[in-house]
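Overview (structure and organization)
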Amino acid sequence: MGVLCALVMTSCVRVLPPAPVSSPPQRPELWVDAFAAEGGDGGRAAALKQVPSLTQPTSVHLRSGLYRGPFIFPGGTRLEGHGEVVLFDEGNGTVVSTPGPLALVRVSVQGGRLGISATGALSLEHVKFSGHRSAGLQLVDGGLTGHHLEVGSRVDGVVGVDATNSSVTLHDVKLSGPLLVGVRAKDSAVTLTTVSSEGPATAVQTLGGSLALKGLRAAGGMRTAVSVSKTKATLGGLDVTGHEYAVLGVGSDVDLDGLTSGGAFGGGVSLLNSTLRLTNATVQRAGPLGGVQLLGCTSVLGAVTVTDSQAWGVMVRQGTASIGALTATGLRGGGGDALHVRDAKVSIERLEASGLEGSGIYASNYATVTAGSVEVSGAETSAIVVERKSTVSATRVSSRGGRGPALAVPEDGLLTVDTLTAQGGDVAVWADCATESFVTVKAVTAGTELPRLRCLQGPLGPGR
């Protein structure tokens, strides 16, 4: 009987049709015109004169004019400018505050300590920031997407976009004036494409999080163009003029494909305790910190060219580096070496260098260098210098027109060369045999003569 009742009850259950999917309510629309007469109702034909205090998400259309803040917009608000629209505040507060989401289209934000302060989602399109005392945009625990943005300042110490624990995606950004930092982010995921920086001390700076930057033209800054610390960074298409460094990294994982640095008054690229994969880099007229400086790093370098610079082309200390091709010309001051290695392990496939105040390869302080083809012309010192418990082995070495010995082992170093060409210079090989230095040259080309040294193993036996 119980089973029968259950069957009856089951058969009597009515299947209801699914409830219709309700579309989100439409935001009310308001029109505002700074030149409108008083008493408008906010319709298109009877615009309000000022932006009212909003209590719900609203779509606000702003006609040309100046609109005094500060403004506090509820989440879900959208402001769209029609003409030249300026939201401003002459005080020391924030021009626009919102918990987000908020969308701004074709407007300018001027004045105040902060231009926009938000904790939620922001969408910006054709927005200009200027005249702020602290930052153009400050975002915490939010998300920012935007394109066609302009951030400028006439005073020092202002940050353009300042994000913390947020997601930032920007395309086509122009940074100008003496900004302290154009885009600054902490513990955030940042994606930037097509960025122009003219004047900011630092164009982009990150601490923690990630950075994907493709397409940067930076000039006129007094600090690092791109600074990353504890960041997973993917960089490409960087064109930097001036600045202290083009790229500076600490404790970061950096992929850099495509760099042109000109006139850095410090150095081109400098990384500390980081991992680097670098390809297609050209550094010109770098200052006393050289073209590429790697301290305690694990690095893979592809094609690197350093010209008319001070110090060195590439310097590696306390780490490892694998170098594909290094071209260095016109290096002077601070040693003037194409490849300078200290207490590190380096392999290089091809080195071409000329006009060096120093050497093609300088290895010191327990360094280990393995080289393929080494071609050096016009070196003031040598093609290769090895000292202080260091070891260098090279497949082919060509030294032409140098002033010193082609190969020099001044103090307790080991050098092995499979084939040596030495033309010009005072001697093909010089070594201080009293300090346990030793040189092995397996073969020489026509016209290369080896001196008689008891610590030189030549192709015809010791001292030949």
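Along its length, the protein carries one helix and 36 strands. For 464 residues, the compact-globule estimate of 2.2 N^0.38 gives 23 Å, and the C-alpha radius of gyration of the protein, at 32 Å, exceeds that figure by more than 25%. Classification of the 464 residues of the protein by burial places 51% in the buried group. For the protein, restricting intrachain contacts to residue pairs at least 6 apart in sequence, the fraction spanning at least 24 positions comes to 26%. Working note: accessible area of the protein is about 20,000 Å², and carbon and sulfur atoms make up 53% of it.

This brings us to the environment of T77. Summarising the element assignment, T77 is placed in strand 4 (residues 77-89). Taking the relative accessible area as the measure of exposure, T77 reaches 1% and is therefore buried. With 25 residues separating them along the chain, T77 and L102 place their C-alpha atoms 5.2 Å apart. Those residues in contact with T77 that sit more than four places away from it in its chain are L54, Q56, P57, T58, P101, L102 and A103. Within the local environment of T77, its side chain forms a polar contact with the backbone oxygen of P74, the two atoms lying 2.7 Å apart.

Considering all chains together, one arrives at 15 salt bridges under this definition. The partner of E380 in a salt bridge is R403, and the shortest N-O contact between them spans 3.1 Å. Of this pair, E380 sits in the loop between strand 28 (368-377) and strand 29 (384-387) while R403 is found in the loop between strand 30 (391-402) and strand 31 (407-411), placing the two residues 23 residues apart along the sequence. For E380, a relative accessible area of 38% corresponds to the partly exposed category.

As paired strands, strand 30 and strand 32 (residues 414-424) are joined by ten bridges and run parallel to one another. Its bridge partner being in strand 32, A394 is matched across the sheet by V417. Alignment of strand 32 against strand 34 (residues 438-444), held across six bridges, turns out to be parallel. In the strand pairing of strand 34, L420 is matched with V444.

Our focus in this paragraph is the state of the cysteines. The term disulfide refers to a covalent linkage connecting the sulfur atoms of a pair of cysteines. Tallying each qualifying case throughout the model produces one disulfide. Residue pairing for C433: its cysteine sulfur links by disulfide to C455, the two sulfurs lying 2.0 Å apart. The sign of the -70° torsion about the S-S bond sets the C433-C455 disulfide as left-handed. Pair noted here: C433 is in the loop between strand 33 (429-431) and strand 34 and C455 is in the loop between strand 34 and strand 35 (456-458), with a separation of 22 residues, a long-range link. With a relative accessible area of 3%, C455 lands in the buried category.

The linkage connecting G69 with the following residue, P70, adopts the cis geometry, with an omega of 5°. Topologically, P70 is positioned in the loop between strand 2 (59-68) and strand 3 (71-72). In this structure, P101 follows G100 across a cis peptide bond, with omega equal to 0°. Tracing the backbone shows P101 in the loop between strand 5 (94-98) and strand 6 (102-111). Residue D141 is not a glycine yet carries a positive backbone phi of 55°. In this structure, D141 sits in the loop between strand 9 (135-140) and strand 10 (143-152).

Looking now at the confidence of the model for the protein. Averaged over all residues, the pLDDT of the protein equals 93, while 93% of them reach at least 70. This stretch, residues 1-17, has a pLDDT under 50; its non-local contacts, to residues over four places away or in other chains, come to zero contacts.

Let us look at the pairing of strand 16 (residues 210-219). With nine bridges joining them, strand 14 (residues 189-198) and strand 16 adopt parallel strand pairing. The partner of V195 across the bridge, within strand 16, is L216.

Before going further, it helps to spend a moment on the side chain of T98. Here T98 shows up in strand 5. Take T98: its relative accessible area is 6%, and that puts it in the buried class. There is a polar contact of 2.9 Å between the side chain of T98 and the backbone nitrogen of G100. Ignoring sequence-local partners within four residues, the contact set of T98 consists of F73, P74, G75, S117, A118, T119 and L122.

Our next topic: the packing of aromatic side chains. Applying the stated criterion across every chain yields a total of one aromatic pair. A ring pair is formed by F71 and F73, whose centres lie 5.7 Å apart and whose planes are at 10°; its orientation type is stacked. F71 gets classed as buried once you look at its relative accessible area, which sits at 5%. A relative accessible area of 1% places F73 in the buried class.

With that settled, the discussion passes to the nonpolar core. If you look at the biggest cluster of nonpolar residues, it comprises 122 residues, and the most contacted ones within it are L211, L213, V226, L235, I384, L420 and V429. Looking at this core element by element, the count peaks at eight residues for strand 25 (residues 320-342). Setting aside residues no more than four positions away along its own chain, L420 makes contact with V397, L407, A428, V429, V441, A443, V444, T445, T448 and L450.

We now examine the environment of P52. Relative to the helices and strands, P52 is located in the loop between strand 1 (29-32) and strand 2. In the structure, P52 is positioned ten residues away from G42 in sequence and 9.6 Å away in space, judged by C-alpha atoms. Those residues within four positions of P52 in sequence are excluded, and the remaining contacts are L30 and V32.

Let us now look at the environment of T282. Following the sequence through the fold, T282 ends up in strand 22 (residues 275-284). Discounting chain neighbours no more than four positions away, the residues touching T282 are L259, T260, S261 and T305.

The rules behind each value
- All chains use their own residue numbering, which begins from 1 and follows the written sequence.
- The predicted origin of the model limits local features to residues at a pLDDT of at least 70 and limits the giving and counting of side-chain atom pairs to 80 or more, whereas totals for whole chains, interfaces and linings rest on all residues.
- Side-chain calculation: all heavy atoms of the structure are included, whereas hydrogens and water are not.
- Put simply, DSSP marks the helices as runs of H or I at least four residues long and the strands as runs of E at least two long, and each gets a number from the N terminus on.
- Based on C-alpha atoms, the radius of gyration is set beside the globule rule, defined as 2.2 Å times the residue count to the power 0.38.
- For every residue, the accessible area obtained with a 1.4 Å probe (protein chains only) is divided by the maximum for its type, and the residue is called buried under 20%, exposed over 50%, and partly exposed between those limits.
- When checking whether two residues touch, look at their non-hydrogen atoms; a contact exists if any pair is within 4.5 Å.
- Residue-level accessible areas treat just the shown protein chains as cover; the underlying method is Shrake-Rupley with a 1.4 Å probe.
- Residues adjacent in sequence count toward polar contacts only when both atoms are side-chain atoms; beyond that, a polar contact is any pair of N or O atoms within 3.5 Å, and within protein one must be able to donate a hydrogen and the other to accept it.
- Basic side-chain nitrogens of Lys or Arg form a salt bridge, by our definition, when they fall within 4 Å of a carboxyl oxygen of Asp or Glu.
- By the convention used here, strands pair only if DSSP detects at least 2 bridges between them.
- Here, a disulfide means two cysteine sulfur atoms that sit within 2.5 Å of each other.
- As a per-residue measure, pLDDT reflects the predictor's confidence and takes values from 0 up to 100.
- Any pair of Phe, Tyr and Trp rings, taking the six-membered ring for Trp, is counted once the centres come within 6.5 Å. Such a pair is stacked with planes under 30 degrees apart, edge-to-face with planes over 60 apart, and tilted for the rest.
- Side-chain atoms within 4.5 Å link the members of a nonpolar core, which is a set of buried Ala, Val, Leu, Ile, Met, Phe, Trp, Tyr and Cys residues.

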